[in-house]
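Each chain is listed here by its residues.
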Amino acid sequence: MYSEKVMDHFANPRNVGEIENPDGVGEVGNPVCGDIMRMYLKIEDNRIVDAKFKTFGCGAAIASSSMATELVKGKTLEEAWEISNQAVAEALEGLPPIKMHCSVLAEEAIHKAINDYRVRQGLSPWGEKTPHYHEGGEECELPEEPQGTAGDGALQR
Amino acid sequence: MVLEPRVIYLDHAATTLTRSEVVEAMLPYFHDRFGNPSSIYRIARESRKVVESARESVARALGAEPGEIYFTSGGTESDNWAIKGVAIANRKKGDHIITSSIEHHAVLYPARYLEKQGFSVTFLPVDSTGLVDPGTLEDAITEKTTLISIMTANNEIGTIEPVREIGKIARDHGITFHTDAVQAVGHIPVSVKDDTIDLLSLSAHKFNGPKGVGVLYIRKGTRIDPLLHGGAQERNRRAGTENLAGIIGLSTALEIAMQSLFREMERQKKLRDRLIAGLLSSVPHSRLNGHPEKRLPGNVNISFEYVEGESILLSLDAHGICASTGSACTSGSLEPSHVLLAIGLPHEVAHGSLRLTLGEENTDEEIDTVLGIVPGIIERLRAMSPLYPGKEKECHV
Ligand SMILES: Cc1ncc(COP(=O)(O)O)c(C=O)c1O
Ligand code: FES
């Protein structure tokens, strides 16, 4: 179901790890939903000179993180801010529809990390547009305690 | 067996390959002996004869009478028929059903559908190993209860339920008892007489038979409405021209499975326990899901903290290993497996579950290979995980 590019970035992710003394860090997602992405940025003269990530999530989430770090490197903060989740997905030669929210995570992580930098610099944060939405448009929030009935839609074998 | 040599197939709870002897037995019924069992000429009479001898063979395997065996299109149909058919047929008597919170969706969703139709349903909780408590079940019975449905063995965590005790409770209260034995038949001994089972679902593709054919056992005298209305097949209870080749495949596969049942159980248990012990000892922050002993011989289900299941599956696939997970990320739904949540796993731990289910063709060498590969995969994914505290900071709780 995944493109070769996704599988490549999953099997050989670029820029895994942490940056010591980063200039900006952005963490998005929620382990309860099965995905957390943390992005570290090194910024010099308004330009991203290094980016690293750590991600808990599916193959698409890991590949999106890897691709996002590749895309932001060398860009100015303004340019990096404009990288959309579609751009990440396209760079990965597409994602299955149910996995698009994993690329949204990447876009959000970039925004969070840039705003973290801006706040640290005493600048006002730029407006973040998308909260963490899942397939079908539900905002990701803590699910209720397990109940006596099944979760919807999970394919069972 | 005809799997690619490179592939290590460890997803037998999902489906099994159709044995070549089974395919051989089925083939004549597509081309030479294709007659409709309901017609009257010779080739049709032959079809009738083989369907009836398949019925006898299945009855023997379950300790049932041939007249109590009904062929269906698989586990899902059998479950739907049992739940809806008994509920509707007994509606005047009562409108309450008891089942468990870890049933397969083929039982849970019909039960939810009946709730929408005005029935009330109790979804019993399970303990941390996945067991239904017979005492709790008995307490849930009311004078309106007409059906109890508890699975024989769970498809995800392999827990074997106390079916005999539950059957006895149901009998004592005069309530119909259905069990989804789709994961059990052909893998552990199942007897409808010894366990006082009134209805039992099974499915051929879980024991090296073909997909799309199953059985509902219905004890003589059980009140049940048809699910499929139409022709007079299956003694007027299940309409539709018989899946002739499928029925032959089902009975042949079951005969072969029963011949080596105990030997294969012992063999798989050894492989299973080696796999469990090996994974738990080589991967820190891992836990076994399900019951340590009351467990299907071929089921291994382990949660690895700080990693997500789909990325484990993709990594295993790169090594030719086929497995499954309870993570939501493989299904596209928000919720991880309802079974793992019902046994009390936190969501993030349920996301990191790996199910390996053994079958006949698995060997000791394959287990060694898997044991050699999994720890490295988990380590690699943990190194990427922002949740992982790191090896040196591990705290053992
Ligand atoms: C416990 C259980 N019940 C029901 C089913 C459904 O059976 P089938 O795939 O034959 O419809 C399955 C497997 O898919 C199962 O594991
Ligand atoms: S992280 Fe769950 S679907 Fe991608």
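Residues numbered from 1 in each chain as written. Chains lettered and ligands numbered in written order. Predicted model: local features only at pLDDT ≥ 70, side-chain atom pairs only at ≥ 80, totals over all residues. Heavy atoms only, no water.

Let's shift gears to the overall build of chain B. The helix and strand inventory of chain B stands at 14 helices and twelve strands. In summary, chain B has a C-alpha radius of gyration of 22 Å against a globular reference of 21 Å for 397 residues, a match within 12%. Counting across all 397 residues of chain B, residues that qualify as buried make up 63%. Counted over contacts in chain B with a minimum sequence separation of 6, partners at least 24 positions apart contribute 72%. Of the charged side chains in chain B, 42 are positive and 51 negative; the average position of the first set lies 6 Å away from that of the second. (Helix = DSSP H or I, 4+ residues; strand = E, 2+ residues; numbered from the N terminus. Rg over C-alpha atoms; globule rule 2.2 N^0.38 Å. Buried < 20%, exposed > 50% of the residue type's maximum accessible area, 1.4 Å probe, protein only. Contact = heavy atoms within 4.5 Å. Lys, Arg positive; Asp, Glu negative; His and termini not counted. Charge placed at Lys NZ, Arg CZ, Asp CG, Glu CD.)

All right, on to the sheet that holds strand S3 (residues 47-56) of chain A then. All names here are of chain A. Strand order in the open sheet made by the three strands is S1-S2-S3, with antiparallel pairing throughout. Single-partner strands in this sheet number two, and they are strand S1 (24-30) and S3. Strand-to-strand twist across the sheet, computed as the mean angle between neighbouring axes with direction ignored, equals 15°. Pairing of strand S2 (residues 35-44) with S3, which is carried by nine bridges, proceeds in the antiparallel orientation. Paired with Ile 43 across the bridge in S3 is Ile 48. Each of S1 and S2 touches helix H5 (residues 100-120); the most contacted strand, S1, lies at about 145° to it. (Pairing = 2+ DSSP bridges. Axes fitted to C-alpha atoms, helices over the stretch in contact; angles between N-to-C directions.)

A contiguous patch of negative charge, built from B:Asp127, B:Asp133, B:Glu138, B:Asp139 and B:Glu165, is present on the exposed surface. Relative to the elements of secondary structure, B:Glu165 occurs in helix H7 (residues 163-172). (Patch = residues over 30% accessible without salt bridge, like charges linked within 9 Å, V, L, I, M, F, W, Y side chains within 5 Å. Areas by Shrake-Rupley, 256 points an atom, 1.4 Å probe, with all protein chains shown as cover. Salt bridge = Lys/Arg side-chain N within 4 Å of Asp/Glu carboxyl O.)

Quick look at the environment of B:Arg112 now. For B:Arg112, the location among the structural elements is in helix H5 (residues 105-116). Through-space distance from the C-alpha of B:Arg112 to that of B:Val370 is 39 Å; in sequence the pair is 258 residues apart.

The geometry of an aromatic ring pair comes down to the distance between the two centres and the angle between the two planes. Residue and element names in this part refer to chain B. Taken as a whole, this structure holds three aromatic pairs over all chains when the rule is applied. Ring centres 5.8 Å apart and planes at 85° place the aromatic pair Tyr 70 and Trp 81 in the edge-to-face group. With a gap of eleven residues between them, Tyr 70 in strand S2 (residues 69-72) and Trp 81 in helix H4 (residues 75-89) connect regions that are remote in the sequence. For Trp 81, a relative accessible area of 1% puts it in the buried group. Their ring planes at 55° and their centres at 5.4 Å tell us that Tyr 306 and Tyr 388 sit as a pair that is tilted. Here Tyr 306 is found in the loop between strand S10 (299-304) and helix H11 (309-318), whereas its partner Tyr 388 is found in the segment after helix H14 (364-384), with 82 residues between them in sequence. Taken individually, Tyr 306 and Tyr 388 each receive the classification buried, so the pair is uniform in this respect. Taking the ring centre of Tyr 70 as reference, the NZ or CZ of Arg 235 above it sits at 4.2 Å. (Phe/Tyr/Trp six-rings, centres within 6.5 Å; stacked < 30°, edge-to-face > 60°. Lys NZ or Arg CZ within 6 Å of the ring centre and 35° of its normal.)

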